Amino acid sequence: MSRKFKSIEFFGISGSGKTYIASIVKKKLKKKGFTVLNARECITKGAKYYIKTSLIERISLNYFKLVNLGNLRKKNITSFKKKSNYFKNKNVNTNYFKNIYIEICKKIFSKNRKIDIIIKQIEKIFSNPSRKETQYLFWFYELVASHLIFKKIFNSSRYILLLDEGLIQRSFIINNKLSKKQRDKFLNLYFSKFPISKLIFFISNDKNSVIYINKLRKRYQIQKYKELKEIKNNFKFLNNYLLSKKKFKFKKIENNKNIEKIIDNFFN
């Protein structure tokens, strides 16, 4: 497979199938011999080569490596703490590690003045100290840091950064916070200065199907879901801005029963 990309991201309405399609792409790329990294893997594996890290920062990175693998259970936490003398007589919880991880991400992009300026504006947009807005900022920190690390550390042809929800997808939450005038001005800067992937897929799905999927998610509490009002608002932003303003090049994928054949055509 010849390629002119090292990074991939997907965008689309919540429930359109981004994560599912990303998983198919990941399997295909791994079969072809590529090492596929998500944002967190990129940071936990590469941060120590990008910045100087302290002992507790390295411990935090190892902790988040466990979280990323989905192996974190109460017994894992206990085992993890017992292995390090640092935790003797200390009451350390998940938020402690998360705060250190966030500071690592900030250290990574703080040396890039243009990116740091945009991050500071995003911090003002999500200045409410609610749990939701704090999580939004966490996503931005992690995504930006992963792009910078990947570009510098994982520049071998065998690595691919794959994001089921990248910085384009995160523009939906910016749209929900700003007026149209504020949004257009800020997103012009956002898409011109922020690192986005080289290969971008727009995952398209029928509006009624997306609404139905989100209703199922809400009913069974199986995944994050969007309310009808937000879904409609996101479709409006998608059609009137992301697809029409041409701020970036993308390939469209219709999520249907032929999805695996469609992906094969892209990556053969």
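Numbers given to residues run from 1 along each chain, matching the order in which its sequence is written. Totals for whole chains, interfaces and linings use every residue, but because this is a predicted model, local features are given only for residues with pLDDT of at least 70 and side-chain atom pairs only at 80 or more, for both listing and counting. Excluding hydrogens and water, the side-chain figures rest on all heavy atoms present in the structure.

Q: For the environment of S23, give the residues involved together with the corresponding values.
A: To qualify as a helix, a DSSP run of H or I must reach at least 4 residues; to qualify as a strand, a run of E must reach at least 2; elements of each kind are numbered from the N terminus. Mapped onto the fold, S23 is located in helix α1 (residues 18-31). A sequence separation of 139 residues divides S23 from L162, and the C-alpha atoms of the two residues are 9.5 Å apart. Polar contacts involving the side chain of S23 include one to the main-chain carbonyl oxygen of Y20, which spans 2.5 Å. Each polar contact in these results corresponds to two N or O atoms within 3.5 Å; when the atoms are within protein, one needs to be able to donate a hydrogen and the other to accept it, and residues that are neighboring in sequence are counted only if both atoms are side-chain atoms.

Q: Can you break down the nonpolar core residue by residue, with the values?
A: If you look at the biggest cluster of nonpolar residues, it comprises 66 residues, and the most contacted ones within it are I122, F126, F140, F186, Y190, F194 and L242. Among the elements that line this core, the one with the most residues is helix α7 (residues 131-153), at 12 residues. In this analysis, two residues are considered to be in contact whenever any of their non-hydrogen atoms come within 4.5 Å of each other. Those residues within four positions of F194 in sequence are excluded, and the remaining contacts are I115, I118, I119, I122, F140, V144, L167 and L189. The term nonpolar core refers to a set of buried residues drawn from Ala, Val, Leu, Ile, Met, Phe, Trp, Tyr and Cys, joined through side-chain atoms within 4.5 Å. Buried, partly exposed and exposed residues are distinguished by accessible area as a fraction of the type maximum, computed with a 1.4 Å probe on protein chains only: under 20%, between the cut-offs, and over 50%, respectively. If you look at the next biggest cluster of nonpolar residues, it comprises 19 residues, including I8, F10, I160 and I263.

Q: Lay out the pattern of salt bridges in plain terms, naming residues and giving numbers.
A: Salt bridge, as used here: a side-chain nitrogen of Lys or Arg that lies within 4 Å of a carboxyl oxygen of Asp or Glu. Inspection of the entire model under this criterion finds 13 salt bridges. A salt bridge links K107 to E57; the shortest N-O distance between them is 3.1 Å. Of this pair, K107 sits in helix α5 (residues 94-110) while E57 sits in helix α3 (residues 55-69), and the two are 50 residues apart along the sequence. Taking the relative accessible area as the measure of exposure, K107 reaches 31% and is therefore partly exposed. For E57, a relative accessible area of 11% puts it in the buried group.

Q: Give me the lowdown on the environment of F250, citing residues and values where you can.
A: With respect to the helices and strands, the residue F250 is situated in the loop between α11 (228-242) and β5 (251-254). Residue classification places F250 among the partly exposed residues on the basis of a relative accessible area of 30%. Put simply, F250 and I200 are 50 residues apart on the chain and 4.8 Å apart in space, counted from C-alpha to C-alpha. Excluding its chain neighbours within four sequence positions, the residues that come into contact with F250 are F11, I200, F202, L242 and L243.

Q: Describe the packing of aromatic side chains, listing the residues and the values that go with them.
A: Within a pair of aromatic rings, the relevant descriptors are the distance that separates the centres and the angle that separates the planes. Only centres within 6.5 Å qualify two rings of Phe, Tyr or Trp (six-membered ring in Trp) as a pair; their planes then separate them into stacked at under 30 degrees, edge-to-face at over 60, and tilted for everything else. For the coordinates displayed, the defined rule picks out 29 aromatic pairs. Between F172 and F237, the ring centres sit 5.4 Å apart and the planes meet at 80°, which makes this aromatic pair edge-to-face. Taken together, the positions of F172 in helix α8 (residues 167-175) and F237 in helix α11 put the pair 65 residues apart, joining distant regions of the chain. With respect to burial, F172 and F237 carry one shared label: buried. Whether a charge sits over a ring depends on NZ of Lys or CZ of Arg being within 6 Å of the ring centre and within 35 degrees of the ring normal. Taking NZ or CZ as reference, K98 lies 4.6 Å from the ring centre of F138, over its face. Note that K152 overlies the ring of Y50, its terminal NZ or CZ placed 5.1 Å from the centroid.

Q: Which residues make up the sheet that holds strand β3 (residues 159-163), and what values go with them?
A: Strands in a sheet are paired, the pairing made by backbone hydrogen bonds, and the direction either parallel or antiparallel. Only when DSSP finds a minimum of two bridges between them are two strands counted as paired. Spatially, five strands are ordered β2-β3-β1-β4-β5 in an open sheet, and the strand pairing comes out parallel. With one partner strand each, in any of the chains shown, β2 (35-37) and β5 form the two edges of the open sheet. Direction aside, the axes of adjacent strands within the sheet are offset by 25° on average. The pairing of strand β1 (residues 7-11) with strand β4 (residues 199-204) spans four bridges and is classified as parallel. Axis definition: a line fitted to C-alpha atoms, limited for helices to the stretch in contact. Angles are taken between N-to-C directions and run from 0 to 180 degrees.

The values reported here are purely geometric and, on their own, carry no functional implication.
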